[in-house]
Amino acid sequence: MLVELVREMGADEARVEEFARRQAARLATTGDGRAALLNLLTTLGFSPRETTGVKASREGRLEVVLGHCPFAATVKAQGGELVCVLHRGLSRGLVEMSATGRLTDFEIH
């Protein structure tokens, strides 16, 4: 119902993502964006697995695959894509806590 309410109130994907990006620092357990992202994904139940290759790691990149979506039932409901958008915004905000951090891709499946 909350997802439907947010949609009914007119919050589009851009507003939801920006809201989540701004909220990310409140949820961070550390000032290191990389660690904060992995910690939050773990805490939320996504079972993140880092898949960063050696070269990518040397370049300062982080690649993560989520092993589980604890919000799958909600995502399947009408307007549920906003849940994924919210998590993309949180991820962006956490990564950006590091001076050079930026989210370059977030694939939703």
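See the structure printed just above.
Nothing here was measured: the structure is a model prediction, and the numbers come from that model.

Engineer: Help me out: how do you make sense of the overall build of the protein chain in this one?
Structural biologist: Helix and strand content of the protein chain: 6 helices and 2 strands. Taken from N to C terminus, the helices and strands of the protein chain fall in the order α-α-α-β-α-β-α-α. At 14 Å, the protein chain has a C-alpha radius of gyration in line with the 13 Å of a compact globule built from 109 residues. With 109 residues in all, the protein chain has 28% of them scored as buried. Summed over its atoms, the accessible surface of the protein chain is roughly 7200 Å², and 53% of this surface lies on carbon and sulfur atoms. One way to put it: in the protein chain the 14 positive side-chain charges average out to a point 4 Å from where the 14 negative ones average out.

Engineer: Where do I start with helix α6 (residues 81-95) in this structure?
Structural biologist: Since one α-helical turn is 3.6 residues long, residues separated by three or four positions face the same way. Compared with the 21 Å implied by 1.5 Å per residue over 15 residues, the 21 Å span of α6 between its first and last C-alpha is a close match. Burial of α6 is extensive: 12 of the 15 residues sit out of reach of the surface. Each element contacted by the buried residues of α6 is listed here: α1 (2-8), α2 (13-27), α3 (33-44) and α5 (72-76).

Engineer: Would you explain the environment of Ser91 in this entry?
Structural biologist: Relative to the helices and strands, Ser91 resides in helix α6. Expressed as a C-alpha distance, the spacing of Ser91 and Phe106, which sit 15 residues apart in the sequence, is 8.8 Å. Within polar-contact distance, the side chain of Ser91 engages the backbone oxygen of His87 at 2.9 Å.

Engineer: Help me understand the pattern of salt bridges in this model?
Structural biologist: Once the charged atoms of two side chains with opposite charge are near each other, the side chains can pair. Scanning the entire structure with this criterion turns up 11 salt bridges. A salt bridge links Glu81 to Arg7, with the shortest nitrogen-to-oxygen separation between them at 2.0 Å. Highlighted residues: Glu81 in helix α6 and Arg7 in helix α1, separated in sequence by 74 residues. Residue Glu81 is classed as partly exposed on the basis of its relative accessible area, which comes to 33%. We classify Arg7 as partly exposed; its relative accessible area is 33%.

Engineer: Would you mind going over the environment of Ala20 with me for this structure?
Structural biologist: For Ala20, the location among the structural elements is in helix α2. For Ala20, a relative accessible area of 1% puts it in the buried group. Residue contacts for Ala20: discarding those within four places in its chain leaves Leu86, Gly89 and Leu90.

Engineer: Just checking my understanding: could you explain the packing of aromatic side chains for this structure?
Structural biologist: The geometry of two aromatic rings is summed up by the distance between their centres and the angle between their planes. Applying the stated criterion to the full structure yields 1 aromatic pair. Ring centres of Phe46 and Phe71 lie 5.9 Å apart, and the angle between their planes is 45 degrees; this geometry places the pair in the tilted category. Of this pair, Phe46 sits in the loop between α3 and β1 (48-50) while Phe71 sits in the loop between β2 (64-66) and α5, placing them 25 residues apart in sequence.

Engineer: I tried to follow the packing of α2 against α6 on my own but got confused; where do I start?
Structural biologist: For any two helices packed against each other, one specifies the inter-axial angle together with the distance between the axes. Contact geometry of α2 with α6 gives a least axis separation of 7 Å together with a crossing angle of 45 degrees. With respect to their mutual orientation, α2 and α6 come out oblique. Seen from above, α2 lies across α6 with right-handed handedness. Contact with α2, carried on its side by Glu13, Val16, Glu17, Phe19, Ala20, Arg21, Ala24 and Leu27, involves Glu81, Leu82, Val85, Leu86, Arg88, Gly89, Leu90, Arg92, Gly93 and Leu94 of α6 and no other residues of that element.

Quick notes on the rules
Residues numbered from 1 in each chain as written. Predicted model: local features only at pLDDT ≥ 70, side-chain atom pairs only at ≥ 80, totals over all residues. Heavy atoms only, no water. Helix = DSSP H or I, 4+ residues; strand = E, 2+ residues; numbered from the N terminus. Rg over C-alpha atoms; globule rule 2.2 N^0.38 Å. Buried < 20%, exposed > 50% of the residue type's maximum accessible area, 1.4 Å probe, protein only. Areas by Shrake-Rupley, 256 points an atom, 1.4 Å probe, with all protein chains shown as cover. Lys, Arg positive; Asp, Glu negative; His and termini not counted. Charge placed at Lys NZ, Arg CZ, Asp CG, Glu CD. Expected span 1.5 Å × (residues − 1). Contact = heavy atoms within 4.5 Å. Polar contact = N/O pair within 3.5 Å; in protein donor to acceptor, adjacent residues only side chain to side chain. Salt bridge = Lys/Arg side-chain N within 4 Å of Asp/Glu carboxyl O. Phe/Tyr/Trp six-rings, centres within 6.5 Å; stacked < 30°, edge-to-face > 60°. Axes fitted to C-alpha atoms, helices over the stretch in contact; angles between N-to-C directions. Parallel < 35°, antiparallel > 145°, perpendicular 65-115°, else oblique. Left-handed = near helix turned anticlockwise from the far one by under 90°.

No statement about biological role is implied by the geometric values presented.
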